[in-house]
Amino acid sequence: MGVKNGARWRTLKAQAYDRDRTRNAPCAKCHQPIDYTITPNEYTYRPNAHEPDHIKPRSTHPHLTYELSNLRPSHASCNRSRGDKPIETTHRWEQAEAW
């Protein structure tokens, strides 16, 4: 059975939902509010629903798949648009001209 369908994933997803809902955490990608009225049990795809996002992608860090600390709050749409790309952690600043 795939990661997203197994009992272990459903339990972890519920833990992430509870953690993030308690803090009313916004989406880590777009920083907008997440609709926590949509619970994981009733969830069919809704763009503004909570969907945990793997900070380090499963494709490159499979050993972190079931680590709560590797999950951040996100909208379903934001998580799915990111796919398995790494999170951009640096900003591309232009160097100022020398004075």
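None of these values were measured; they are calculated from a predicted model.

The secondary structure content of the protein amounts to two helices and two strands. Traced from its N-terminal end to its C-terminal end, the protein shows the element sequence α-β-β-α. Looking at the protein as a whole, 31% of its 99 residues are labelled buried. For the protein, long-range pairs separated by at least 24 residues make up 63% of all intrachain contacts whose partners lie at least 6 apart in sequence. For the protein, the accessible area works out to roughly 7100 Å², and carbon and sulfur atoms hold 52% of it.

Counting six residues, the largest nonpolar core consists of Tyr17, Ala25, Cys27, Ile34, Tyr36 and Cys78. Each residue touching tyrosine 36, except ones within four places of it in the same chain, is listed here: Tyr17, Asp20, Arg21, Asn24, Ala25, His50 and Pro73.

With that settled, consider helix α1 (residues 7-22). Here α1 spans 23 Å end to end across 16 residues, near enough to the 22 Å set by a 1.5 Å rise per residue. Residues of α1 that are buried include every one of Trp9, Leu12, Lys13, Ala16, Tyr17 and Asp20, and no others. The arc enclosing the buried residues of α1, seen along the axis, measures out at 145°, which places them on a common side. Pointing more than 90 degrees away from the buried face of α1 are the exposed residues Arg8 and Thr22. Summarising the contacts, the buried residues of α1 are in contact with β1 (53-54) and β2 (71-72). With its phi angle positive at about 50°, asparagine 24 sits one or two positions after the end of α1.

Let us look at the side chain of serine 74. If you trace the backbone, serine 74 turns up in the loop between β2 and α2 (76-82). Overall, serine 74 belongs to the buried group, its relative accessible area being 1%. In terms of polar contacts, serine 74 uses its side chain to reach the backbone carbonyl oxygen of glutamate 51, at 2.5 Å. Apart from residues lying up to four places away in sequence, serine 74 is in contact with Cys27, Ala28, Ile34, Ala49, His50, Glu51, Pro52, Asp53 and Asn79.

Okay, the pattern of salt bridges next. If charged atoms from side chains of opposite charge come close, those side chains can pair. This model, assessed by the stated rule, comprises five salt bridges. Residues arginine 21 and aspartate 18 are paired through a salt bridge, measuring 3.4 Å at the closest nitrogen-oxygen approach. Note that arginine 21 and aspartate 18 are positioned in helix α1 at a spacing of three residues, about one turn of the helix. The exposure class of arginine 21 is partly exposed, given its relative accessible area of 40%. Between aspartate 20 and arginine 19 there is a salt bridge, with the nearest N and O atoms lying 2.8 Å from each other.

Analysis parameters
Residues numbered from 1 in each chain as written. Predicted model: local features only at pLDDT ≥ 70, side-chain atom pairs only at ≥ 80, totals over all residues. Heavy atoms only, no water. Helix = DSSP H or I, 4+ residues; strand = E, 2+ residues; numbered from the N terminus. Buried < 20%, exposed > 50% of the residue type's maximum accessible area, 1.4 Å probe, protein only. Contact = heavy atoms within 4.5 Å. Areas by Shrake-Rupley, 256 points an atom, 1.4 Å probe, with all protein chains shown as cover. Core = buried A, V, L, I, M, F, W, Y, C linked by side-chain atoms within 4.5 Å. Expected span 1.5 Å × (residues − 1). Arc of directions from axis to C-beta. Polar contact = N/O pair within 3.5 Å; in protein donor to acceptor, adjacent residues only side chain to side chain. Salt bridge = Lys/Arg side-chain N within 4 Å of Asp/Glu carboxyl O.

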